[in-house]
Structure formats: structure tokens, C-alpha cells
Amino acid sequence: MSQYQVLPGPEAFLPPAAASMGNVLPDPGEAHIEGRIVPEDEAYEVFARKVLGAKVPTIFPGPLVLWKWNDHVAEKAKAIRELANEAPMRIIPMADYRPKYPKIEAAVEINPNHPNLTIWHNKIDVCIFIGVHCHQANLSLKIIRGGTNCYTMAMCAMAGHEDACLSFRDADLGKIRKLIDAVKKLKSEGVESQAIPFKQFKLSRAGLVDQSAN
Amino acid sequence: MSKEKIQICEDLADVMPPEYQELVATATYGNQDRGWKDIGSSKELIEQHSLCAGCPESIAFRYILASLPAPEDTVFVGSTGCTSLVFPHVAVHNIHSLFGNQNAIASGLKRTLKSRFPDVEKDVVVLAGDGATVDIGLDMTMQSWFRLEKFTTICFDNELYANTGGQESGLMQKGFVAKMAPKGKNFEKVRLAEIAREAGCAYVAVLTVSKPNRVEQAIKNAIYVAREVGPSFVQLYTPCILEIGKQSMEGLDEMKDSETIGGRFVQKEYITDEAQKLLDSIKEETKARKKAAKEAKKSVNA
Amino acid sequence: MNKQVELKNKRIIASKHVKLGQKNRMDQTYTDINDIFFKAEQTPNFLTGSEVIREAIKRCSVGTSVAYPITPQSEAAALIGEIYAEGYLDEYFRGESEFAVMGQCAGAAFGGHRVFTTTAGPGTLRAMENFPMWAGARLPIQVCVTCRGVNSPLSIQPDTLEMYYLLETGMLVWHAETAQDLFDFIMKGFIVAEQPDVHVPIAVCCDGFFVTHTKDTVDLPPLDLTLTPYDPYQNPQPVMDMETSPIRMMRDPFVMKSNYISYATHASWQQEIKAAVERSRKHTIPLLDGLIDEYNADRELLIVASGTAVSQSREAIRLLEEEGIKVGLVKIKTIRPFPTEEIRRVTKHAKHIFVPEFNVVGWLAREIKAIIPDNERVYVGPHVCGGMTMPSEVIVEQIKIQLGMETTPLRM
Ligand SMILES: Cc1ncc(C[n+]2csc(CCOP(=O)(O)OP(=O)(O)O)c2C)c(N)n1
Ligand code: SF4
Ligand SMILES: [Mg+2]
């Protein structure tokens, strides 16, 4: 039976969960690309190519890396920032999972209940989820695949995500650093970022910080 | 979780939405003297919600959240009803699960947290509507009291089923004409406070949410007693202005009317001797602590 | 849908729990499931099914168990109370009804405990609203269902109808044939259900009385080994203990109420639960050695069954063999996830498929009919219900009738 391919959408009004199509998660040391199990190292390069080839590559950090709830998170957050600077990639946080009322600010946040709004608003064509709980990541990935043409990737701390177009598993600091290295390596080989120039937004307790002065 | 852990990673702090930056900067996690007076001067643990404008449940939520002695180690259990529209926006862990089983959930949760964290006091607080507490869930409400489960039960008594459109509930007044009581309710408002007392609650309070200091005291008492003595119960009148035909500004008057002599919600408390002793000693301690703090401040200034 | 997972001699990924190798207060060593079943020596014991449940739970590092009496699980639930008193579990108490018990189990699981409970028949139906809630909330609670009738007039007798009600709750549903299965399924069930990519509840079902109240020889691993504990942080959702981010967290938020609506979230949430059940295949196949067992399954006459109907079929096949009639056998171990591809494969050559069942509707036959080509090959039955036994002779007779052979009809 032919393998179900996890490709960017818009796929369907309600696309199936890839696991229900027979896609199986990678084992330790492996990753998957569009449903195909590959050695993990192969996926780093594909990640870097996708990011550098994209117009609006974006990192969606989740609560597990945004909040300093244990001693190791700060280092991961630092590496994520470094990745964003290196590529460059935008950072749009998923601070928590609540159905935010009355609405989200699609320019500066993403929410698992309607992640498509953030993708559409910012015209994001490539993204990676890091530090989002698996359940909420799977909801988001599926809704994005259903309604947008964004290429989704996931750096998952547990078993990985079939609903992403590309997924790592067992994420730790070392693997986030490998993402940076993969980007650096491709750049050193002459691959240039196609990202539309942008300035990372800044928020303060009062709201959006006007950076036009600097 | 210690207050120190409720922090945003520095490297990603400046992309976090303002309400979270604010939460970290000025919320009163870890301050044992927190209370309703912090409202206005510090970040509250509740964001926007979708209750009706002027619904007294919203102010009740704000007072309760401001009065928790240790929100950083509190887990809420809710139930289906208007309150469940608020809970996703509350900055403490909370569980919904099903309509009416809140005290069963809390029983399992409290025992588990006690066994997983023997050295940390994890407060479990149930907050549910009158339909959930008295009608569909009365069995589990009372059985948790019989078993002397050590958590606090709060009932938002709006004397009807608000979320489904204003049907009769056990806590509705006799004679009130409502959906499913087309000829008027034909039995008395259930005497839940007395049931709570007889079922084993060491601390019971009935009041409206018209006066924040009273709400604060009742919530604190209830949680302290649940930590050390046994189950506690607080019944708060939070009139459903939508279903009793009031304007958004009229909730407060409704509560004030109901708590005057002869009203349904004249403030009352039932406290066991053991619970009273505990509350007295906490009062003394707090007084002494505040006095010492004042003196320390004085000596610094001098 | 429901594709078969190829695993080529793989083992379930070993536990990395920090307590691996350490001792608990009962002086048992926390041990990886692979080592417990595939390395440690297994010793035969002669036990009732209820005692087998106790022996399994002694080795499962369970946090909380909540009990409520209903035949035929009362004895097992009480025995768990005894081992709690000895110190094997952290928490144990009697709830006030099965509805409440399943809520109490949920509370314990939300708080981060490994949770075990037992129920049967009317208890299962009384508790029903909780099961999809457990699944939707991603709580890997294990309930051992010792099946009995759910009909009126009240029956305490074995009958597997209640399993039919469990099939679309989002739980894993496994069906033990023997006491040995029951022991293995309980221990292995925790490990599969708790995988972070699965993390949904599991119902380990057995046929009441036939398994719970009869004695059988069961191979047990040593008592000084116990499963590595449940790690509540290996969880696809935040555990509700205020020790993990985000703190603004409702585990099961309202995404459909009043002013806030996201039907896509709801739909995706339901799909995700079904997906989680699918993911369990990968972990279950190496632990249970496949979702089905097959014996001469390439024969033209095939019996497909689960639970004690399998045992009765084995004897029927022996009787038929004496008369020169060769029949193959397929035993289904997991009803959810359903071994769709496996059944399609093994039934390829079958001309007649018999599905003996202990319930009035024949739900297993329906499940099979729904997924194989030429499903007129499926003979729905024989089935009995209401506590009747299913003599092997009845299966023999039905097969002969179907083949147009002479039989002496069996009478009650
Ligand atoms: C098992 C079940 N029965 C009925 C309902 C419908 N229901 C939802 S909320 C509600 C009433 C809630 O009333 P109350 O507990 O008083 O809370 P309020 O909305 O008044 O704050 C009902 C009947 C349900 N969700 N589940
Ligand atoms: S329906 Fe009644 S209880 Fe519910 S939010 Fe509106 S006013 Fe408040
Ligand atoms: Mg009400």
C-alpha cells in the first residue's frame, strides 16, 4: 500500500491524522521527512534547506521553552534565539494553549486552536515547532496542513509528530544546536537565505515596542 | 512551583505577549499576605473572559484568585457551567472533566498531590455552580465530605442553571418561576450549608460577593482549614443577572438586598472547635508577622 | 486506515526512568518491561484470575487504585486493598459509585499517578461518561473489565456485550483469553498506554468468572521486580501539579462555548485521540508478539475469536480434527486498535469464517465483516449470552451445519 505523504496543504476541509493513514513515528536516532523514516542526520540538512529557501521561515517556541520552569530550559531558549539570528527566522511564541478571548494578535502570537490565522496573517511558508506539548502540537500541525500551504517541522522532545512534514524526536539542547550547525554549514556552502528582510518584533509590558527609531 | 520558577526565559522574553510579561513582573505569586487589595496594583491571575457584562461571577473569580494563600501551589477543579468559560483564562492549573464530578476529581487529585509532594502543601480548590454542586453532583460533593477529603469546595450559587438558559435548580428559591419550573419551584431552597456542616465540613461559610474583604477572609479560612483539619465549604451568592432580568449594574444591589436581615444570604459560618483554634492561631501569627515587618521597616528608616 | 505496522524483531523502546535499577519501599527493583518479561525467569503459579490481578498489580508500581464492589471483580478489587495495606500502592479507597470512581481515577491521573481500577457490566455502563473524557484528556488510566451481563433482568453472569460499548470511547481495548493473558496484558498495558505518543486509557477485558473465578497455571516473573514508575512529565499534555509550564492551563479547555468557537480544534482533537490509539500498534506488537495469534490460519475453514471463545474454539478444532475436518484459528488480542490488516491477510484464503462470541449481538463478527472483502464468508456465530456456556460441541455443530454435514443437534 502506498505511503501517505505529509505535504504542505491546503489539503482538505478536515485532513486525516497521518497516524490513521498508517504513518509510524521514527525510532531514536531517526526522523521522518514527509512520512518517510530517515536517519536523523539526513533531516538536519533538509531542515536547513527548507529554512534558507523560505520567504518567511518562522520558529514557534512553546511553553516548554518559553518558561523557565526548570534549570535546562534557559539554554534551549538561548539556542533558539541563536537559530533565529543565524538563519534568520522569525520567532512567534505559543505562550500557552488557552482559547484566547476575544482574539489573538496573529502578528505576534500563535494559538493551537486556530494556528492557521497566524500562518495566513504573516504568510509563513516554513515553520518549526519547538517546546510545544505533543497534543497541542498535533492539533496545530493538522489544522495548518488542512488550511495553509506552510511546510511544517517539529523538534519534539518525545516521540515526534507524524502530522508535521518533517519531525525530529527526543529533542534536547544538542539537537537544537545541530539545527544551527546545519544552517551554518549550508550557508558556508554558498546557500543564501531567501527570507524577506524583517526586524524581529519586540514586546514589552506595555505592548509592541516601536523599533523604527533604532 | 516556587515563585522563582514562574519566569520567562530571558532570551525569549521580548517576544512574549504583554500579559505574560506582566504576570511575571507584578503578580503576587509567593506572597503569603496577598489579598483583594492587590487588585488594581498588581497583575491579576485572570485574563479576559466571556461572562455576561456585569456578571457577579467575574468579580467573585477576581476576589477568590486574589485571596488564594498560595496560587503557585494551587490546582482548581471546575465543572460545566458559566464558570467554565473563565477557567481557561486563569493562571493556575485547572481541570474541567465532566458536569458534576468535580469533588470526585478533587478527591483523587488531592491524594495524588499529597503522595507525590509530601513536603509541599498543594491546595486543591473546587469551584462549581449550584447545579453541579447540589443537583447532579450532590452525591460526590457529600461523599467527599463524609470521607473528610482535605480540599475546599466553593459553590457559585446563582440559584439556577445559568449556562443552559435559566432552569430550576435545587438552590433556587421556592416559588420562583423558571424554565422547567413553569408553575414555580415547589420545594424550598436546599440547605446546603447545613448539609455541609452535618456531612463533615470543618469550616462552612455562606455570603455574597458584595464585600471583598469578607470573601477574602472566607476563602483563606476555608483553605487553611482544608490544609490542616478537614473539608471546607464556601457558598457564594453570585446572582445571574441575565436570567433574573437585571441590568449589568444591578448585581451589587441584588447581593446587598439578599444579605440584609431576613434575606437568603445573611452571612453565616459554621466552624468546628478544632478549625476555630487553627484560625485563631493563624490570626495571631499573621498579626505578629506583620508587626515584626513593620518594626523592621521602622528601624531601617530610623 | 488501520494499516499494519511492520516491526522486524523490534523491542519496545526501553525505559529511561531515573529510578530504573533503584529499589522501592517494598524492596522491589524498578525494572524495564523487556527485562521483566524477556530476561527474568518466570515461575509457574496456580492461581485464580482475581489473584492474578493482584499479582500483576504488585509488580506495576501503581500510585492510586479506587475500588467499588461489583461481581465478578469485587474480589480482585478487595485483594488490591490488601496489597495497599501491605505497602504496594500509595493510595487506595472505596469510591461511592462507578461514575465517581472513574472521576477519582481521573483526578489521580491528572495529578500524575499511575492509576488502576476494576469494574464490570453495570459498573462499566454507570461509568461510561468518564471513558471518552479520560481519552480526550489523555489520561493513561487502566481499567480491568471483568465482563458480565448488562441486560435487564439483572445478570451477574459472563457476557461480553459491555465491550461493544467501549469500542469508540478512544480507549485501547484488549481482550484476555486466559489468566496468563490477563497478567501479561495488565503489566504490558500500562507501558503501552503510557507511551507519550499514545497516552490514552486502556481497558484490559476478560470474561468474568471463566477467567476471574477459575484456577489456572500462570507464569510469573519474580516479585522483587516491578515496573519503572509512571513519569508524569513524559506526557503529551501538562500534568496538573503546578510544577510544569504553562501555568495558565486548563487541561480540557472550552473551545466550543458561547463566544469562543473552534470546531476545527474539536475535530482535530478527536482525530488525535484516534491517532494515539493507532500509534499504540508500534509498542504493542513487540510486547504482545502481534495483535493476533494464528494457528493454521491458511486453512479454508477459519475460526476468528477473542477472549474465552478462543479456548472453546481450540477444543472444537480438536474435536473436528478427530473427524478429519481441518480448521484454522485466529485469536484477536487487541480489539482497539483493531488488527485490520492482520485480519485481511489471514482471512485471504478462508472460505468460511466462524466467529463464536459470548454476547447477543455478535459485535466481533460485525467488526470483521466491515473490513474484509467477500464478507458473506463470515458466519456470525455461534453466539451465546446471559451467562450461558458455549460448549465446544456447539461450535463443532455450527461448522458442520454450515458445511452441509449431518449433525445430531445439541439441546439445552
Ligand atoms: C451530564 C450532563 N448533563 C447536563 C449537562 C448540561 N449542562 C451544562 S451546564 C449546566 C448547568 C450548570 O448549572 P450550574 O452548575 O448552576 O452553573 P451555572 O451555569 O449556573 O454557573 C447543564 C445542565 C451537561 N453538560 N452534562
Ligand atoms: S448567564 Fe448569568 S451566570 Fe452566566 S455569565 Fe451571564 S449573568 Fe453570569
Ligand atoms: Mg447556577
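Quick caveat, the model's predicted, so the values are computed rather than measured.

### A closer look at the interface of chain A and chain B
The partner chain B presents 27 residues to the 29 residues of chain A that form the contact. Interface of chain A and chain B: buried area, both sides summed, is about 2,600 Å²; carbon and sulfur atoms make up 61% of it. At the junction of chain A and chain B, the tally comes to five salt bridges. The closest approach of N and O atoms between E19(B) and K100(A), which form a salt bridge, is 2.6 Å. Along the contact surface separating chain A from chain B lie 13 residue pairs in polar contact (both at pLDDT 80 or more). When contributions to the side of chain A that touches chain B are tallied by element, the ones reaching two or more residues are α2 (63–66), α3 (73–86) and β8 (203–204) of chain A. Broken down by element, the residue count for the side of chain A that touches chain B peaks at six residues, all from α3(A). Of the residues contributing to the side of chain A that touches chain B, the split by class is 18 nonpolar, two polar and nine charged.

### Some remarks on the sheet that holds strand β15 (residues 352–354) of chain C
Residues and elements named next belong to chain C. Strand order in the open sheet formed by five strands is β11-β13-β12-β15-β16, and the pairing between neighbours is mixed. With partners counted over all chains shown, the strands left at the sheet margins are β11 (292–295) and β16 (378–379), one partner each. Taken together, the three bridges between strand β12 (residues 301–305) and β15 define a ladder with parallel strand orientation. Residue pairing for β15: I303 is matched across the bridge by F354. The strands touched by helix α10 (residues 308–322) within the sheet are β11, β12 and β13 (328–332), with β13 carrying the most contacts at an inclination of about 170 degrees. The sheet strands contacting helix α13 (residues 392–402) are β12, β15 and β16, and the helix crosses β15 at an angle near 155 degrees.

### Digging into the site of ligand 2
Around ligand 2, the structure places L51(B), C52(B), C55(B), C82(B), N158(B), A162(B), C240(B), I241(B) and L242(B). Residue composition of the shell around ligand 2, grouped by class: eight nonpolar, one polar and no charged.

### Focus on the domain arrangement of chain C
Residues and elements named next belong to chain C. Splitting chain C by domain gives domain 1 (29–226) and domain 2 (292–402). Put simply, the middle of domain 1 and the middle of domain 2, counted by C-alpha atoms, are 26 Å apart. Carbon and sulfur atoms make up 55% of the surface buried where domain 1 meets domain 2, a total of about 1,900 Å² over both sides. In this structure, the connection of domain 1 to domain 2 is made through four salt bridges. Where K331 meets D181, a salt bridge forms, and the shortest distance between an N and an O atom there is 2.7 Å. Viewed at the interface, domain 2 and domain 1 are joined by 18 residue pairs in polar contact (both at pLDDT 80 or more). Elements with a contribution of two residues or more to the side of domain 1 that touches domain 2: α7 (161–166), β7 (172–175) and α8 (179–193). By residue number, the principal contributor to the side of domain 1 that touches domain 2 is β7, which donates four residues. Residues belonging to the side of domain 1 that touches domain 2 are distributed by class as follows: 13 nonpolar, four polar and five charged.

Conventions adopted
Residues numbered from 1 in each chain as written. Chains lettered and ligands numbered in written order. Predicted model: local features only at pLDDT ≥ 70, side-chain atom pairs only at ≥ 80, totals over all residues. Heavy atoms only, no water. Contact = heavy atoms within 4.5 Å. Buried area = accessible area lost by both parts, 1.4 Å probe. Salt bridge = Lys/Arg side-chain N within 4 Å of Asp/Glu carboxyl O. Polar contact = N/O pair within 3.5 Å; in protein donor to acceptor, adjacent residues only side chain to side chain. Helix = DSSP H or I, 4+ residues; strand = E, 2+ residues; numbered from the N terminus. Nonpolar A, V, L, I, M, F, W, Y, C, P; charged D, E, K, R; others polar. Pairing = 2+ DSSP bridges. Axes fitted to C-alpha atoms, helices over the stretch in contact; angles between N-to-C directions. Near = heavy atom within 4 Å. Domains from an automatic or database assignment.

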